[in-house]
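Below are the chains, spelled out letter by letter.
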Number of protein chains: 2
Amino acid sequence: MIALLLALLAIQAAPAAQPAAPLPSDAVAGDWRAIPDDELLVMTLSGNRAVVIRLAARFAPAHVANIRTLARAHWWDAASVYRVQENWVAQWGDATERKPLPSGVVDVPPAEFEIGGFAPAQMLPRPDGYALRAGITADGWPIAGDGKAAWLTHCYGMVGVARDALPSTGSGAELFTPIGQSARRLDRNYTVVGRIIEGMQYLSAMPRSDAPLGMYATEAERTAIVSARLASDMPSGERPRFEYRAADTSRFAALIASKANPAPPTVPTGLTVCDVPLATRRVATRP
Amino acid sequence: MIALLLALLAIQAAPAAQPAAPLPSDAVAGDWRAIPDDELLVMTLSGNRAVVIRLAARFAPAHVANIRTLARAHWWDAASVYRVQENWVAQWGDATERKPLPSGVVDVPPAEFEIGGFAPAQMLPRPDGYALRAGITADGWPIAGDGKAAWLTHCYGMVGVARDALPSTGSGAELFTPIGQSARRLDRNYTVVGRIIEGMQYLSAMPRSDAPLGMYATEAERTAIVSARLASDMPSGERPRFEYRAADTSRFAALIASKANPAPPTVPTGLTVCDVPLATRRVATRP
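Residues numbered from 1 in each chain as written. Chains lettered and ligands numbered in written order. Predicted model: local features only at pLDDT ≥ 70, side-chain atom pairs only at ≥ 80, totals over all residues. Heavy atoms only, no water.

Draft legend 1. Spatial organisation of the overall build of chain A. Each helix and strand in chain A was counted, giving 4 helices and 15 strands. Over its C-alpha atoms chain A spans a radius of gyration of 19 Å, differing by no more than 12% from the 19 Å that the globule rule assigns to 287 residues. Over its C-alpha atoms, taken along the principal directions, chain A stretches across nearly 55 × 45 × 35 Å. Every one of the 287 residues in chain A was classed for burial, and the buried ones make up 59%. As displayed, chain A offers around 11000 Å² of accessible surface, 56% of which is attributable to carbon and sulfur atoms. On chain A, the mean spot of the 28 positive side-chain charges and the mean spot of the 27 negative ones are 4 Å from each other. (Helix = DSSP H or I, 4+ residues; strand = E, 2+ residues; numbered from the N terminus. Rg over C-alpha atoms; globule rule 2.2 N^0.38 Å. Buried < 20%, exposed > 50% of the residue type's maximum accessible area, 1.4 Å probe, protein only. Areas by Shrake-Rupley, 256 points an atom, 1.4 Å probe, with all protein chains shown as cover. Lys, Arg positive; Asp, Glu negative; His and termini not counted. Charge placed at Lys NZ, Arg CZ, Asp CG, Glu CD.)

This is the structure in structure tokens:
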């Protein structure tokens, strides 16, 4: 049993190697860099299940500003995960549509569907069917571009802003994450505000709804959000701290190469931007 | 709320159009064709949850022959779903490794990682990062090719054969399905034997295991398989019948075109083989 699982692992993870020997793709201490406390949103679901979201502050500043205001107003407390659609998205916020937004929240921020320039630290080997070019930024975000524009990619676990029809861009009060095969078709059409770096399994394993659009038909089906806080607003003793693995290193280049070119007898079949592991790690809370 | 969900739907599904007016991409009656009863495997999980698998008999005949023998021997009865790894696979079979295979099952069938020629009824617009060419066969299977070889693609919900290290190809007794973002890296390295056409949500929403490789650490975590039967071996009154939507039609070409070129203001971002909806439908059981 373990053997047949290892065969799968050999393709899923790095090529087989002596477990003891460090790989050229292994991170070194200096590759781990701190995520600022105000770029961590801790959403606690019922049952004390913490979902930690890294906010893409530099790519979606207007929407992240709204999200910070919403968190500081405790706006999501007693909100819920109200939509879980099979092979598509889990979505949360205010299912009642009646809860006013706190002052300071811009109802329709400027579109942040696209980001500034395409400047990855690592490029993926080839076009992926959704973009001519894709790569990973030095600070560990998956991006794509076409020579003119660039955008964050809707990989599994990324966090997007639900919206009404254009010109609405969404305020950031209603958020979703892809739980299925691909939401890359949303690229350039929705604002990406972050990525779930811990607790994704709580959202991905929620019961699917058969109702239209995967909206839970009854309140009882929804999962309550107990609270959503910026780490920077939490008591220092309780404040989670995370680091991301930087991509502007020869180790990260080796990681991509190792996955793009697995050891024989595995037949290489390609590697796309959403296949690249973007590692983060929880580090000790300050005393 | 509905409005912002519709915005997502507009991209997920066909471009917006008058609900009443038929679309060029809509199937007509003749597009629905019967799936043979001996190409339907009905796996019933505890709680009377039916997972229906369409078998890829013409692409993996040796492994499908094993699967038919295993089903007729009731080999999976009292087996289990023993592995659910976040953003990777759900896997089922005999977690004990002690259950002998029934006579007639070939322990190491010939490799069926690749199929015959690349002969899709519909081609996808461009390479997708895993293959130079991809498309959908007339009978509704997703395939890819590189000019020399062709293979079924490990899309979400496809069913693959777990195996030990090569030269093992797996017998078909241990099966898995991708529940996450992408398992395309498994293409050409594992035998694909089918696709889940009903009940996928029961596997995709199972609790993830934190244990190595997502193997449930305790028997209590596993989901029992009550039975697994070929529809052709079920009493005619209980026998489920399904049809697939044929892809060798102008309607299917229009479906691909509509998804590859969504209506403005949606920005088109590409369409890959695993994004194409491969519709099946349950039809009335014979009296």
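Next comes the rest of the write-up.
Draft legend 2. The interface of chain A and chain B, seen in detail. Residue-level contacts link 66 residues of chain A with 67 residues of chain B. Both faces combined, the contact of chain A with chain B buries some 5700 Å², and carbon together with sulfur accounts for 57% of it. For the interface between chain A and chain B, the tally reads 0 salt bridges. Going through the elements one at a time, α1 (2–12), β4 (80–84), β5 (89–93) and α3 (200–204) of chain A are the ones with two or more residues in the side of chain A that touches chain B. Considering only residue class, the side of chain A that touches chain B consists of 36 nonpolar, 15 polar and 15 charged. (Contact = heavy atoms within 4.5 Å. Buried area = accessible area lost by both parts, 1.4 Å probe. Salt bridge = Lys/Arg side-chain N within 4 Å of Asp/Glu carboxyl O. Nonpolar A, V, L, I, M, F, W, Y, C, P; charged D, E, K, R; others polar.)

Draft legend 3. A look at the environment of alanine 246 of chain A. All names here are of chain A. Among the secondary structure elements, alanine 246 is positioned in the loop between β14 (241–245) and α4 (250–260). By relative accessible area, alanine 246 is classed as buried at 0%. Between the C-alpha atom of alanine 246 and that of valine 108, which follows or precedes it by 138 residues, the distance is 33 Å. Leaving out residues up to four positions away in the same chain, alanine 246 has contacts with Asp31, Arg33, Ala138 and Phe252.

Draft legend 4. Here's a closer look at unusual backbone geometry. Residue and element names in this part refer to chain B. Cis rather than trans, the peptide bond between leucine 166 and proline 167 has omega equal to 15 degrees. Look at the link from proline 264 to proline 265: it is a cis peptide, with omega at 10 degrees. Structurally, the position occupied by proline 265 is in the loop between α4 (250–260) and β15 (280–283).

Draft legend 5. Structural context of the pairing of strand β14 (residues 241–245) of chain B. Residues and elements named next belong to chain B. The element β14 is extensively covered by neighbouring structure, given that 4 of its 5 residues are classed as buried. Where β14 lies against β15, 4 bridges are found, and the strand directions are antiparallel. Opposite arginine 241, over in β15, you have valine 283 as the bridge partner. (Pairing = 2+ DSSP bridges.)

Draft legend 6. Local environment of helix α2 (residues 61–72) of chain B. With 12 residues, α2 of chain B ought to run about 16 Å at 1.5 Å a step, and its terminal C-alpha atoms sit 16 Å apart, in line with that. On its buried face, α2 of chain B is in contact with β2 (40–45), β3 (49–55), β10 (158–161), β11 (175–178), β12 (192–198) and β13 (223–230) of chain B. (Expected span 1.5 Å × (residues − 1).)

Draft legend 7. How the structure looks around the domain arrangement of chain A. Residues and elements named next belong to chain A. In terms of domain boundaries, chain A breaks down into domain 1 (37–111 + 155–233) and domain 2 (115–148 + 243–262 + 269–279). Measuring from the centre of the C-alpha atoms in domain 1 to the corresponding centre in domain 2 gives 25 Å. Summed over both partners, the interface of domain 1 with domain 2 buries about 1300 Å², with 61% contributed by carbon and sulfur atoms. Ranking the residues of domain 1 by area buried against domain 2 places Arg54, Phe59 and Arg184 at the top, with a combined share of 51%. At the junction of domain 1 with domain 2, the criterion picks out 3 salt bridges. There are 5 residue pairs in polar contact (both at pLDDT 80 or more) connecting domain 1 and domain 2. Of all the secondary-structure elements, those providing two or more residues to the side of domain 1 that touches domain 2 are β3 (49–55) and β12 (192–198). Here the side of domain 1 that touches domain 2 is built from residues that sort into 5 nonpolar, 2 polar and 6 charged. (Domains from an automatic or database assignment. Polar contact = N/O pair within 3.5 Å; in protein donor to acceptor, adjacent residues only side chain to side chain.)

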